[in-house]
Amino acid sequence: TPGFTAAAALTLALGVGANTAVFSVVYATLLKPLPYPEAERIYSVEVVIPERNLSLAGRIQDYLEWRKANSSFSAVATLQPGGWNLTGNGEPERVGGARVSVNFFEFLGVPPALGRGFAPEEETPGADRVVVISDALWGRGYGADPNLVGRTIELNGQNHLVVGIAAPSLLVPTGTQLHSTLGFAPRIDIWKPIAPTQAELEGENWNTGLLLRLKANESAEHGRRQLETMMIAQLRAVAPELKISIAPRLLPIREVYSGKFRLRLLLVFAASAILLLTACVTLANLLLARFAGRTGEFAIRA
């Protein structure tokens, strides 16, 4: 009976195929291990001001203070959105990038594939004309030339020394993944060290994404309370008359990449599971109907 076989095979194919496709997306987004050592200890920081129902990113001053403090966190890193005009290599190109702390690649545990990351002295204004470029830009713009490290490229009309090529596996936040107020490019191709000027240090710019790595055997809540104490002390020092509270929120790095889609993906996965269950019930009904249609034959055989 080719019709019965075709119906049964199609029912199974729809149920299993839909589940496989949806699970592949769910695994890649929610379950696949992130390419960082001990990724479960990495958190991003969101600063909440309850009185104003306001959520902010961080400040460069927070990073400079927190990295000196004795807290529940073993390391602090920071990044700011950036973008530059790349010239001097064929057609000019607008490339997305980020200004990052000099320990950024070390913090993530993903060192450059070629060359090096940034040195501490390169976070000084004037000494920050060094870059690490992405593996994608290295391939499409420079033919994966291994001799590019140590040469200069031109960004916004200024020469910058290429000190490293990022690992192909490097995963960094793009768009508004890190915070809704931080607009990174859809693709990050260039990293420069953050070298805050005096004006930036004296200003109140909440334009900095903050990443923290929790120490072993420390709790995220304990670290959050420490950050809250430090931020309130900093606020009272510069504006004692300002009567507001600050409540930092720690977000696991996994949720930075999947938080906006987690619920939707789980709902789609649940729907696909229901589809597979429906396919199984349908196949059972087909087999029962087939059996019922052959009861006379079975009686004669008996």
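Keep in mind it's a predicted model, so treat the numbers as computed, not measured.

Draft legend 1. Representation of the overall build of the protein chain within the structure. From N to C terminus, the protein chain includes nine helices and 11 strands. Against the globule reference of 19 Å for 302 residues, the protein chain gives a C-alpha radius of gyration of 27 Å, more extended than a compact globule. With the C-alpha coordinates aligned to their principal axes, the bounding extent of the protein chain is approximately 95 × 55 × 35 Å. A buried classification covers 40% of the 302 residues belonging to the protein chain. Accessible surface, the protein chain: about 15700 Å² in total, of which carbon and sulfur atoms supply 60%. Taken together, the 28 basic and 26 acidic charged side chains of the protein chain have centroids lying 8 Å from each other.

Draft legend 2. Examining the side chain of Ser 71 more closely. With respect to the helices and strands, the residue Ser 71 is situated in the loop between helix 2 (60-66) and strand 3 (73-87). For Ser 71, a relative accessible area of 10% translates into the label buried. Setting aside chain neighbours within four positions, we find Ser 71 in contact with Lys 215 and Gln 226.

Draft legend 3. Representation of the packing of aromatic side chains. With the rule as written, the count across this model stands at six aromatic pairs. Look at Phe 23 and Phe 269: their rings are 6.0 Å apart centre to centre, the planes differ by 45°, and that puts the pair in the tilted class. Of the two residues, Phe 23 is situated in helix 1 (residues 2-31) and Phe 269 in helix 8 (residues 262-293); the sequence distance between them amounts to 246 residues. Phe 23 sits in the partly exposed class, given a relative accessible area of 40%. Since its relative accessible area comes to 27%, Phe 269 is described here as partly exposed.

Draft legend 4. Expanded view of the pattern of salt bridges. All told, the structure shown has 17 salt bridges when counted by the stated rule. Residue Glu 122 pairs with Arg 116 through a salt bridge whose shortest N-O separation is 2.8 Å. Residue Arg 116 is classed as partly exposed on the basis of its relative accessible area, which comes to 36%. Bridged by salt links that share partners, the residues Glu 93, Arg 140, Arg 187 and Asp 189 form one connected network.

Draft legend 5. Region of the structure containing helix 1. Here helix 1 contains 30 residues, and its C-alpha end-to-end distance of 40 Å stays within 8% of the 44 Å for a straight helix at 1.5 Å per residue. Within the span of helix 1, buried status applies to Ala 8, Thr 11, Gly 15, Asn 19, Val 22, Val 26 and Leu 30.

Draft legend 6. Looking closely at the nonpolar core. Counting 34 residues, the largest nonpolar core has Tyr 36, Phe 104, Phe 118, Trp 191 and Ile 253 as the members making the most contacts within it. Where this core is concerned, the elements lending two or more residues are strand 3, strand 4 (93-100), helix 3 (104-108), strand 6 (130-133) and helix 7 (253-258). Contacts of Phe 104, omitting those with residues within four sequence positions, involve Ala 77, Thr 78, Leu 79, Val 172, Trp 191 and Leu 211. With 20 residues, the next largest nonpolar core counts Tyr 43, Trp 66, Ile 194 and Ile 244 among its residues.

Draft legend 7. Highlighting the packing of helix 1 against helix 8. Contact pair helix 1 / helix 8: the axes reach a minimum separation of 9 Å and the direction vectors enclose 165°. The angle between helix 1 and helix 8 places the two elements in the roughly antiparallel class. As helix 1 runs across helix 8, the sense of the crossing is left-handed. By residue class, the composition of the contact of helix 1 with helix 8 is 23 nonpolar, six polar and two charged.

Draft legend 8. Structural detail: the pairing of strand 1 (residues 42-49). Among the eight residues in strand 1, seven count as buried, and that is most of the element. Both strand 1 and strand 11 (residues 247-252) contribute to a ladder of six bridges, which runs antiparallel. Counterpart to Val 45 in the pairing with strand 11 is Leu 250. Pairing of strand 1 with strand 2 (residues 54-56) involves three bridges; the strand directions are antiparallel. Looking across to strand 2, one finds that Ile 49 is bridged to Leu 54. Hairpin connection of strand 1 to strand 2: four residues between the antiparallel strands, including Asn 53 at a positive phi of 50°.

Draft legend 9. Representation of unusual backbone geometry within the structure. A positive phi angle, close to 55°, is found at Ala 144, a residue other than glycine. Along the polypeptide, Ala 144 turns up in the loop between helix 4 (135-142) and strand 7 (152-155). By relative accessible area, which is 33% here, Ala 144 ends up partly exposed.

Draft legend 10. Region of interest: helix 6 (residues 220-238). Spanning 19 residues, helix 6 covers 27 Å between terminal C-alpha atoms, matching the ideal 27 Å at 1.5 Å per step. Taken as a whole, helix 6 has its buried residues at Gly 223, Arg 224, Leu 227, Met 231, Gln 234 and Leu 235. The arc that holds every buried residue of helix 6, seen down its axis, measures 105°, which confines them to one face. Relative to its buried face, helix 6 has exposed residues pointing more than 90 degrees away, namely Thr 229 and Ala 237. Where helix 6 is buried, its residues contact strand 1, helix 2, strand 3, strand 10 (209-214) and strand 11.

The rules behind these values
Residues numbered from 1 in each chain as written. Predicted model: local features only at pLDDT ≥ 70, side-chain atom pairs only at ≥ 80, totals over all residues. Heavy atoms only, no water. Helix = DSSP H or I, 4+ residues; strand = E, 2+ residues; numbered from the N terminus. Rg over C-alpha atoms; globule rule 2.2 N^0.38 Å. Buried < 20%, exposed > 50% of the residue type's maximum accessible area, 1.4 Å probe, protein only. Areas by Shrake-Rupley, 256 points an atom, 1.4 Å probe, with all protein chains shown as cover. Lys, Arg positive; Asp, Glu negative; His and termini not counted. Charge placed at Lys NZ, Arg CZ, Asp CG, Glu CD. Contact = heavy atoms within 4.5 Å. Phe/Tyr/Trp six-rings, centres within 6.5 Å; stacked < 30°, edge-to-face > 60°. Salt bridge = Lys/Arg side-chain N within 4 Å of Asp/Glu carboxyl O. Expected span 1.5 Å × (residues − 1). Core = buried A, V, L, I, M, F, W, Y, C linked by side-chain atoms within 4.5 Å. Axes fitted to C-alpha atoms, helices over the stretch in contact; angles between N-to-C directions. Parallel < 35°, antiparallel > 145°, perpendicular 65-115°, else oblique. Left-handed = near helix turned anticlockwise from the far one by under 90°. Nonpolar A, V, L, I, M, F, W, Y, C, P; charged D, E, K, R; others polar. Pairing = 2+ DSSP bridges. Arc of directions from axis to C-beta.

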